[in-house]
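Results of the structural survey
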Amino acid sequence: MSQFVFRGPLSPGSALFYGRQPELQKLARLCQGEVQGYGVVYGGRQTGKTSLLYQLEEGLAGKAETLRIDFQSIPGANAEQVYTYIARRLADCLLDEAPDRLASAGELMGFLNCTLQQHPDLKLVLLLEELGALPGSVREELANVV
C-alpha cells in the first residue's frame, strides 16, 4: 500500500496543480472584470483551496493587486481586531498609513473607500483565507462589510 504525505499547499505556478483549472480560470476572469466587486466564498474544508488561492494570486500578478489575509494569524479575534488587521495589512500592501484602530464595520468601509479613492487605478483582490478561525458572529459581520 502506498503512503501519501501531506506537504501543504502547492507553490504559486506549480506544475503539479492541475485539478481545478476551470475554477481557477473563472476566478481569474472575475477578478479582472470591469465591475465594482465580487465575493466568492468557499465553505468548509476543501482539498486544494489554499493551492487554488496561490495559483490565482500568481495568475493575477501584474493585472491586479492581491492581498492575502490569513485569519489563522488572529484566531478568535473580535470584530474590531479583524477590521484593524485588514486595514493595517492593506495599508502595508499599498505603503499607506494605517489607522491605529477601527471599531466598527462603518469605519472599515470608510477606510476601504478612502483607500480606493486615493488609488483610483487600483484593482484590488482581497484573498481572505481561513475565515473559520474567526468566531461565527465576526465572520457574519465581516461578510456584510466585504
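What comes next concerns the included structure. (Residues numbered from 1 in each chain as written. Predicted model: local features only at pLDDT ≥ 70, side-chain atom pairs only at ≥ 80, totals over all residues. Heavy atoms only, no water.)

With respect to the nonpolar core
Core analysis: the biggest nonpolar cluster contains 22 residues, and Phe71 and Val82 have the highest contact counts within it. Of all the elements in the fold, those that place two or more residues in this core are strand 1 (65–70), helix 3 (79–94), helix 4 (105–118) and helix 5 (136–145). In terms of nonpolar packing, the next biggest core, distinct from the first, is built from 11 residues, Ala28, Leu52, Leu53 and Ala64 among them. (Core = buried A, V, L, I, M, F, W, Y, C linked by side-chain atoms within 4.5 Å. Buried < 20%, exposed > 50% of the residue type's maximum accessible area, 1.4 Å probe, protein only. Helix = DSSP H or I, 4+ residues; strand = E, 2+ residues; numbered from the N terminus.)

Structural notes on the pattern of salt bridges
With the rule as written, the count across this model stands at 3 salt bridges. Here glutamate 129 makes a salt bridge to arginine 68, at a shortest N to O gap of 2.6 Å. Highlighted residues: glutamate 129 in strand 2 (residues 124–129) and arginine 68 in strand 1, separated in sequence by 61 residues. Residue glutamate 129 is classed as buried on the basis of its relative accessible area of 5%. Here arginine 68 falls in the buried class, since its relative accessible area comes to 14%. Across the pair arginine 101 and glutamate 80 runs a salt bridge, and its minimum N-O distance is 2.7 Å. (Salt bridge = Lys/Arg side-chain N within 4 Å of Asp/Glu carboxyl O.)

Observations concerning the environment of alanine 77
Along the chain, alanine 77 turns up in the loop between strand 1 and helix 3. Along the sequence, alanine 77 and valine 138 sit 61 residues apart, while their C-alpha atoms lie 7.9 Å from each other. What alanine 77 contacts, discounting residues up to four positions off in sequence, is Val82, Leu134, Pro135 and Val138. (Contact = heavy atoms within 4.5 Å.)

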